[in-house]
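# Coordinates in review
The chain contents come next:
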Amino acid sequence: MTSQAVSENSTIQIGSRVLSSRYFLAPLAGYTHLAFRRALRELGGLGLATTDLVHATALVSLNRKSLELIETHAKDKPLSIQIFGSQPEALASAARWLEDRGYGGVDINMGCPMAKVNGQGGGARIACEADSACRLVERVVNAVDVPVTVKMRLGWDSDSITAPELAAAFEDLGVAAITIHGRTRAQGFHGAVDHEGIRKVVEAVREIPVVGNGDVRSVEDAFAMRRETGCHAVAIGRGAMLDPWIFRKIEQAVRGETPDEPSPDEQIDFLRRHFWLMTAQHDDYACTLFRKFAGWYGAKLGVPEDLETRLRKFQSFDEFESIVAEIRTRHGERESSVATALIKVPNGPVERW
Ligand SMILES: Cc1cc2nc3c(=O)[nH]c(=O)nc-3n(C[C@H](O)[C@H](O)[C@H](O)COP(=O)(O)O)c2cc1C
């Protein structure tokens with residue numbers, strides 16, 4: 001395992017921010033909320049987390065849901081807030097608003113900013129779209145001092161790979177890093193992640209870090225992403241849900257140690273910690289919010305079906321604790337299976353993710 005480690009300093013700099021690890025949490029809307037991020041950080045090895053995408057205009061209008069998404073904690077650092085929207089001024093206002101409130105980084109969700117290159121006038125339209133993407137990025141970069149990063153896909157489809165060109169343009173405008181999900185919009189979540197495509201983005205920029213993203217599920221995958229693409233950092237989304245210890249394991253492997261597998265008790269402690277941190281933000285409503293994680297923890301921990309069913313509908317803190325106590329005594333009864341299918345992904349082309 002450790003022989004596969006890429007040689008590296010563990011620290012990385014993104015704009016003015018120095019991060020202690022180059023392995024980041026990619027945003028998974030609906031999953032990577034404050035409680036999960038805090039529980040994950042306590043396990044170690046996480047360099048940077050990013051919130052779910054937050055609509056810029058809704059945020060500055062103090063929309064309740066948006067404010068909830070940006071809720072954080074002294075121990076939830078370093079954190080970037082991901083914003084999206086089509087109006088440059090609205091994005092710039094949201095970025096300023098965040099900076100004024102002490103947030104340390106802004107990530108722009110570009111989704112797929114450019115249309116398919118096809119037919120007559122395709123080239124002109126692309127130039128126009130690239131121009132508006134650049135104007136948007138420029139407004140945000142000029143509005144704040146905190147580092148501004150951009151997350152995007154490779155392009156519209158395999159005939160319209162636009163990310164390298166855009167990444168180079170964004171760097172010239174002052175963007176501090178680019179995260180690139182190695183798939184096209186047309187691919188959605190299907191097909192393999194294109195390491196060569198990510199490499200082209202790495203080669204297109206001059207100095208800024210490129211964060212490779214997509215399908216990293218293990219320490220080996222993370223090192224392969226670095227080796228095969230030359231990317232400077234790696235963002236892990238679903239892989240962190242499936243194995244929250246992945247960052248700690250990578251950190252151990254980078255140090256030349258053999259990564260530890262968490263014991264069943266540690267895993268159950270994580271489940272409990274996740275829930276109790278959720279109650280700190282949502283009080284009783286955490287009982288409802290936590291249910292969506294029941295299937296995931298159930299499969300991962302080999303929780304017997306009847307207990308998983310109870311975890312899907314518990315109503316009180318006491319009931320939660322009594323289920324956890326039973327999980328501790330009975331968790332081995334069902335075989336644990338870590339199935340990616342438990343994290344639902346959109347079926348078709350993806351606009352924003
Ligand atoms: C359920 C779900 C929610 C997501 N939400 C976001 C989001 O809010 N912002 C974003 O930039 N990407 C989002 N993504 C995309 C991920 O950040 C990531 O680019 C993608 O899942 C590939 O990485 P992975 O294989 O490590 O998960 C989401 C993906 C999933 C499956």
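A short tour of the structure in this document, coming up. (Residues numbered from 1 in each chain as written. Predicted model: local features only at pLDDT ≥ 70, side-chain atom pairs only at ≥ 80, totals over all residues. Heavy atoms only, no water.)

## Re the layout of surface pockets
A volume near 340 Å³ is recorded for the largest pocket. Lining the largest pocket are 26 residues; nearest its centre among them are Pro27, Leu28, Lys151, Phe189 and Trp353. Secondary structure elements with two or more residues in the lining of the largest pocket: strand 4 (49-55) and strand 10 (233-236). When grouped by side-chain class, the residues that make up the lining of the largest pocket number 13 nonpolar, six polar and seven charged. (1 Å grid on protein atoms, 1.4 Å probe; cavity = no way out; pocket = protein on both sides within 12 Å on 5 of 7 lines; lining within 4 Å. Points joined across faces, edges and corners; volume = space filled by probe spheres on them. Helix = DSSP H or I, 4+ residues; strand = E, 2+ residues; numbered from the N terminus. Nonpolar A, V, L, I, M, F, W, Y, C, P; charged D, E, K, R; others polar.)

## Thoughts on the packing of aromatic side chains
In this structure the tally under the stated criterion is 20 aromatic pairs. Aromatic side chains Phe36 and Phe270 sit 6.1 Å apart centroid to centroid with 90° between the ring planes, which places their arrangement in the edge-to-face category. Here the residue Phe36 occupies a position in helix 1 (residues 34-43), and Phe270 occupies one in helix 11 (residues 264-282), the gap between them amounting to 234 residues. What makes Phe270 buried here is its relative accessible area of 4%. Ring geometry for Phe290 against Phe293: centres 5.9 Å apart, planes inclined by 35°, an arrangement best described as tilted. Of the two residues, Phe290 and Phe293, both sit in the buried class. (Phe/Tyr/Trp six-rings, centres within 6.5 Å; stacked < 30°, edge-to-face > 60°. Buried < 20%, exposed > 50% of the residue type's maximum accessible area, 1.4 Å probe, protein only.)

## Concerning the nonpolar core
Grouped together as the largest cluster of nonpolar side chains are 97 residues, with contacts concentrated most on Met152 and Phe170. Here this core gets eight residues from one element, more than from any other, and that element is helix 5 (residues 122-143). Counting contributing residues, this core receives three or more from each of domain 1 (2-254) and domain 2 (264-333). Among residues more than four places away in sequence, those in contact with Met152 are Met110, Gly111, Ala163, Leu166, Ala167, Phe170, Ile178, Thr179, Ile180 and His181. Grouped together as the second largest cluster of nonpolar side chains are eleven residues, Ile12, Ile14, Leu48 and Ala176 included. (Core = buried A, V, L, I, M, F, W, Y, C linked by side-chain atoms within 4.5 Å. Domains from an automatic or database assignment. Contact = heavy atoms within 4.5 Å.)

## Observations regarding the site of the ligand
The environment of the ligand is made up of 22 residues, and the closest members are Pro27, Gln82, Asn213, Asp215 and Arg238. Within the side chain of His181, one N or O atom sits 3.5 Å away from an oxygen atom of the ligand. Classifying every residue of the shell around the ligand gives ten nonpolar, six polar and six charged. (Near = heavy atom within 4 Å. Polar contact = N/O pair within 3.5 Å; in protein donor to acceptor, adjacent residues only side chain to side chain.)

## Here we look at the environment of Tyr285
In this fold, Tyr285 is placed in the loop between helix 11 and helix 12 (286-289). Judged by its relative accessible area of 49%, Tyr285 is partly exposed. Spatially, the C-alpha atoms of Tyr285 and Ser160 are 45 Å apart, while their sequence positions differ by 125 residues.

From the geometry alone we can't say anything about function, so treat these as descriptive.
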